[in-house]
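For reference, the chains in residue letters:
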Amino acid sequence: MPQEKPVSLKHLKILGQEHLPTGGGFLILASQLSYTDLQRLETILGERQIVYLVEQGAALEPSLRTHLEKESVQAIEFAPHTTDSASYKNTVLEEIQKDKVLIYLPALAAVINAPMSTVPGTKLEFLLKPGMPVLPIYIQRSLEIALDIESRYKEDDAIFAFGILLRGTAEVNLAAYQESMLALAEQCFSAHPALNMHLAYALLLGLKKHGGKNKIIDGKDDKTLGYDKILAIAIALSKVIQSETKKKRVGVVLPPGVGGLIANVAVLLAGKVPVNLNFTAGRASIEHGIKAGDMDRFITADIFVRKVQSFPWPPSKQLILIERALPKMKIKIGLWLVLSKILPASLLAMILGIPKKGGHEEALLLFTSGSSGLPKGVVLSHRNMIANVIQFGSRLGMTESDSILGSLPLFHSFGCTVTLWYPIIGGVNLVTYPSPLETKKLAELIEKHRVSLMIATPTFLRGYLRGVNKEALTSIKLCVTGAEKLPTTVSDAFETKFGKRVYEGYGLTETSPVSNVNLPNPKPLGEESAGYVWIPSHRQGSVGQMVPGLSVRITHPETFEPQSIHSSGMIWFKGANIFEGYLHDEKRTSEVKNKDGWFRTGDIGRVDMDGFLYIEGRLSRFSKIAGEMVPHETVEEALVKAMGLENESSRKIAIVGVPDPDKGEALILLTAIPGGPEQQEILDLRYRLLEKGMPPLWIPKKMVRVADIPILSSGKLDVQSCEKIARAAVS
């Protein structure tokens, strides 16, 4: 159906056009479809006969509605709630058999930014019922995922990604369609021009652009520095780093604060890779990290060296003490402050020797928490870092007047990406404090500086439930948790006290780290009765939808055979934020990341009808008992309720699996609650759990009392230590 005046395809990139059938009828289901998108699609389809599929009473753009009223345009109206599915099927298949191309026109929808789809899952399911061939198209609008430091995109700048035609019942279903759409979204996102940017260059652009408007406030002493001054200081320090070491990597041993931010930026500006070391880990883990990272210089502070005496500090000559180095550079800092203001970013980068492109080169080295073994060195590239800043930032929608609380450790991947790189590149104020445990002080800072975004783990969140006034958190727009499963008892208690919903996110060090996040629901565009659509941005029990450009796959946990993403199985991710590999360990890398770039997370989960991911547990936190997979976290949730621990401010129990000669494994309950004879108590608990309908195999066989449940500095359960305690108790 040719147009009178074909629309220009300028500012449009097309991927997978070879998948567009030249003959035969099929249905096009696009992720979103504006009138401009439709005009472009008509131009691409050329002489093909088009029939539009429209829901009765759907709210459409006025220009789109006018287009449908043209005599030359053919459209079919249907009502999913009243139309008989057999009647709908016959009507649609009749047009398909005439070799016509059906295009579904979605109603105007209030959705999350850069959505997988603007059509609710139930409606998609209805549309797919006839089983006709379906062509998925993902449409990515450049403005939706633009970095603030990039040149401005045109309003119509977009990518169309055509998927492989879905045929037959095995492919024409909601799960297969969603999987295809997420794969297409990943292809579109991977073509983002900013992904080639060097992280140091991105930080330079961000510090220059936001220098006069945004600032960092160190909550320890209320020291405030504009981003322009941070840039000048970091440049001066980068020169010291360059003169001190020829090594590729530089260690950073500092908590969140002005010093930690300057140190990390300076290392990158020096052309080096920052390695934020976990100073709370055991000596063996730290020494392992230092040796693996091959470092001979460490940026820290004199007061920190004296405070953290358990750290295996290297010789003094290898330490760059930031509070001693900076006062000696006042004149140089002043000079760089002037130069950084008057010189364009490109010239400044050239003078400093900062490349504009970084791509797959190593930008950051982080070590995993070691919750289930010796820490692994995770190599994150410039592409990984830039990708996750775009992914997370595009969903948050923060402005230059917003502030983020940075109290998570810098050696924690969430703390690193979200409270170091994101505020600088995105132009958001940063309020820091060296410990996430001092919740009263953190609450004071939130209230004083009107913090909008709060990042925490459930373990740290519990601390706010005691001794913090409701009014202190009034300014919080968004409270996001990660690193561990969010217990409903914690989220409910927090919402009841502060009137703030807690949004659970998910990610791993290997995903840079954010892969999923729940967010506040969008404001409706209009009444449902007027044909407007509204799709939620959060769902209780889930960890949210995938961030833009992240594809998901579900397989059998043991055989890795592909299965429906709606069924429970091993979660795999693919995207620009997936790490490059483990440091000096190709074998372990190949075990979790295949040649096609798919990363095996080690977590068990499923995706629902609207693209929300549900984590059912870490595979290492499942026990195979008499052939049945038993999730430790689900058992823990039931125990918290049965034992009346909902209001506890710290973790009091943990479930651990130990070898059992009869059933393969047995569950052991570690408890930090004092009480009577353990044998009698576990028996009483067994009866209570059976009454509540818990399967007998899921009930702990033995109870072990401990002084405290082992927790890592990140807030995660220290699985390795828990297992040692449990095995020692049964041996």
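Located above this text is the structure these notes cover.
It is worth spelling out the sheet that holds strand E9 (residues 215–218) at this point. Think of a sheet as strands paired side by side through backbone hydrogen bonds, with each pair either parallel or antiparallel. Read across the sheet, 9 strands follow the order E10-E9-E18-E17-E19-E20-E21-E22-E24 without closing on themselves; strand pairing throughout is mixed. Each of the sheet's edge strands pairs with one partner strand only, and the pair in question is strand E10 (223–226) and strand E24 (545–546). Summarising the sheet, strand E21 (residues 502–507) and strand E22 (residues 514–517) pair through 3 bridges and their orientation is antiparallel. Bridge pairing in E22 links Gly505 to Val517. Contacts between helix H15 (residues 382–396) and the sheet are confined to strand E19 (453–456), strand E20 (478–481), E22 and E24, with E22 contributing the most and set at about 15° to the helix. Contacts from helix H16 (residues 413–426) reach strand E17 (403–406), strand E18 (429–432), E19, E20 and E22, with the element oriented near 145° to E17.

Every buried residue of helix H19 (residues 488–498) is listed here: Thr489, Val490, Ser491, Phe494 and Phe498. Looking at the buried residues of H19, the elements they touch are E19, helix H18 (458–461), E20, E21 and helix H21 (632–642). Immediately beyond the C-terminal end of H19, within one or two residues, lies Gly499, with a positive phi of roughly 70°.

Before going further, it helps to spend a moment on empty space enclosed by the protein. Considering all chains together, one arrives at 4 cavities of 30 Å³ or more under this definition. Size it by volume and the largest cavity reaches roughly 130 Å³. For the largest cavity, the lining is made up of 16 residues, of which Pro115, Met116, Leu182, Arg395 and Met546 are closest to its centre. Mapped onto the lining of the largest cavity, the elements with two or more residues apiece are helix H6 (174–190) and E24. Along the lines of polarity and charge, the residues of the lining of the largest cavity split into 11 nonpolar, 3 polar and 2 charged. Quantified by volume, the second largest cavity comes out at close to 100 Å³. Taken together, 13 residues line the second largest cavity, and the ones lying closest to its centre are Met116, Ser117, Ile535, Gln545 and Asp610.

On to the layout of surface pockets, then. For the second largest pocket, the calculated volume is near 1,100 Å³. Lining the second largest pocket are 41 residues, and of these Asp218, Leu254, Pro255, Pro256 and Pro434 lie nearest its centre. Put simply, the parts of the chain that give the lining of the second largest pocket at least two residues each are E10, helix H8 (227–244), helix H9 (258–269), helix H11 (302–307), helix H12 (322–325), helix H13 (330–342) and H18. Ranked by the residues each element gives to the lining of the second largest pocket, the list is headed by H9, at 4 residues.

It is worth spelling out a nonpolar patch on the surface at this point. A grouping of Leu347, Met350 and Ile351 is seen on the molecular surface, where their side chains present a nonpolar patch of about 290 Å² in accessible area. Along the polypeptide, Ile351 turns up in helix H14 (residues 345–352).

The rules behind each value
Residues numbered from 1 in each chain as written. Predicted model: local features only at pLDDT ≥ 70, side-chain atom pairs only at ≥ 80, totals over all residues. Heavy atoms only, no water. Pairing = 2+ DSSP bridges. Helix = DSSP H or I, 4+ residues; strand = E, 2+ residues; numbered from the N terminus. Contact = heavy atoms within 4.5 Å. Axes fitted to C-alpha atoms, helices over the stretch in contact; angles between N-to-C directions. Buried < 20%, exposed > 50% of the residue type's maximum accessible area, 1.4 Å probe, protein only. 1 Å grid on protein atoms, 1.4 Å probe; cavity = no way out; pocket = protein on both sides within 12 Å on 5 of 7 lines; lining within 4 Å. Points joined across faces, edges and corners; volume = space filled by probe spheres on them. Nonpolar A, V, L, I, M, F, W, Y, C, P; charged D, E, K, R; others polar. Patch = residues over 30% accessible without salt bridge, like charges linked within 9 Å, V, L, I, M, F, W, Y side chains within 5 Å. Areas by Shrake-Rupley, 256 points an atom, 1.4 Å probe, with all protein chains shown as cover. Salt bridge = Lys/Arg side-chain N within 4 Å of Asp/Glu carboxyl O.

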